[in-house]
Amino acid sequence: MKKTVLITGATSGIGKATAQIMAKNNYKIILCGRRTDRLAELETELSAFTEVHSLSFDVRDKKATFERINSLPEAFSVIDVLINNAGNAHGLDPIQNGDVEDWDAMIDINVKGLLYVSKAVMPQMIERKSGHIINIGSTAAKEVYPNGNVYCASKHAVDAITNGMRIDLNPYGIRVGGIHPGMVATEFSEVRFKGDTERASNVYKGFDPLQAEDIADIIHFVVSRPYHVNIADLVVMSTAQASSTIVKRS
Ligand code: NDP
Ligand code: 8X3
């Protein structure tokens, strides 16, 4: 029987590429994101391969998150795999200059949003004693870099939550793992720099960065292992990157 995967942040970057590869590999897909035009476009594209359902909500909106996930049509109501991917950085400033709105956004989306979505999905996995949760962290979950302060804190929280989930869900046979990418050329930096496309594109200049498809391919690999195999923690960087701040550029 086909498995169903719910992907948050499926309208762009890593989430979109993951939806594309999973759809071509015989999974049913639940696409989540705020931008309904993009959801509709991707749903049409992926419907050529599999059954697709879209859910539009802001992960910061607790009520909407629970309502949307709890009202999935029957054909999509059993979620086998949850990919908590929605998230972004907002700003890159020394902490003393940080914008409190940016801090709220990162904590609310990257941490609290991930918790809300998980809270909505975990009960059914616990009841079935099966399921797989993958949380997208970052190299920023493993180290702190200059001006990364609150973004790094939010991703360190994702790492801690992932480890906590693996421990607490262990009695129920649920697989839990974290995937931690280094720099991936997506819309991430455009969001971080609030639409400054030149500054954003400079982030990926002079080296061969990871692409969203590289991470999607790894997510598919992780999900498709035999059920007794849980890839618990994975850090992935481009060959040119050695740490958050060490990148070999031409
Ligand atoms: P993108 O900006 O391309 O995609 C972010 C996705 O998150 C979009 O689909 C967006 O959808 C969704 N999203 C953002 N805010 C919300 C919200 N409030 N409610 C619901 N959905 C939301 O970035 P990436 O693909 O690069 O990022 C995906 C994940 O990977 C993030 O968690 C990021 O932190 C992480 N990551 C990224 C790296 C990189 O270098 N790119 C490296 C390491 C980790 P919409 O706007 O439609 O709601
Ligand atoms: C994204 C990685 O180093 O660009 O999580 O912030 S970084």
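Before reading further, recall that the structure is shown in the block above.
Residues numbered from 1 in each chain as written. Chains lettered and ligands numbered in written order. Predicted model: local features only at pLDDT ≥ 70, side-chain atom pairs only at ≥ 80, totals over all residues.

Some remarks on the packing of helix H4 (residues 100-128) against helix H5 (residues 149-168)
Test applied: For every element, the axis is a line fit to its C-alpha atoms; helices are fit only across the contacting stretch, and the angle between N-to-C directions ranges from 0 to 180 degrees. By definition, any uninterrupted DSSP run of H or I lasting at least four residues is a helix, any uninterrupted run of E lasting at least two residues is a strand, and each is numbered from the N terminus. By the definition adopted for this analysis, an angle is roughly parallel if under 35 degrees, roughly antiparallel if over 145, roughly perpendicular if from 65 to 115, and oblique otherwise. Contact between residues is assigned whenever the C-beta positions, reconstructed from backbone atoms, fall within 7 Å. Any residue that is not Ala, Val, Leu, Ile, Met, Phe, Trp, Tyr, Cys, Pro, Asp, Glu, Lys or Arg is counted as polar, Gly included; the first ten are nonpolar and the last four charged.
For the pair H4 and H5, interaxial distance at closest approach is 9 Å and the crossing angle is 10°. The orientation of H4 relative to H5 falls into the category roughly parallel. Note on element contacts: H5 touches H4 through Val150, Tyr151, Ser154, Lys155, Ala157, Val158 and Ile161, opposite Trp103, Met106, Ile107, Asn110, Val111, Leu114 and Leu115. Classifying every residue of the contact of H4 with H5 gives eleven nonpolar, two polar and one charged.

Notes on the pairing of strand S5 (residues 132-136)
If a strand is regular, its side chains alternate between the two faces of the sheet. Put simply, the test is: Buried means a residue has 20 or more other C-beta atoms within 10 Å of its own C-beta, exposed means 12 or fewer, and partly exposed covers the counts in between; C-beta atoms are placed from the backbone. The handedness rule is simple: strands pointing away from the viewer, and a clockwise path from the first strand over the helix to the second, make the crossover right-handed. The pairing criterion is simple: DSSP has to find at least two bridges between the two strands.
Within S5, five of the five residues are buried, leaving the element largely enclosed by the surrounding structure. Neither face of S5 is exposed, since His132, Ile134 and Ile136 on one face and Ile133 and Asn135 on the opposite face are all buried. One crossover worth recording links strand S4 (residues 81-84) to the parallel S5 by way of H4, and it is right-handed. Examined bridge by bridge, S5 and strand S6 (residues 175-181) share five bridges and lie parallel to one another. Within S6, the position partnered with Ile133 by the bridge is Val176. In the classification by handedness, the crossover that spans S5, the intervening H5 and the parallel S6 is right-handed.

With respect to the site of ligand 2
To be explicit about the condition: In this analysis a residue is considered near a molecule or strand if the C-beta atom, reconstructed from its backbone, is found within 6 Å of that molecule or strand.
Inspection of the region around ligand 2 gives Ala89, Ser138, Thr139, Ala140, Gly148, Met183 and Ser244 as its neighbouring residues. Here the residues of the shell around ligand 2 are counted per class, giving three nonpolar, four polar and no charged.

Considerations on the site of ligand 1
Lining the immediate environment of ligand 1, one finds 30 residues, of which Gly9, Gly13, Arg34, Gly87 and Phe188 sit closest. For the shell around ligand 1, the secondary structure elements donating two or more residues are helix H1 (13-23), H4 and helix H6 (188-192). The element that contributes the greatest number of residues to the shell around ligand 1 is H1, accounting for three residues. Here the residues of the shell around ligand 1 sort into twelve nonpolar, 13 polar and five charged.

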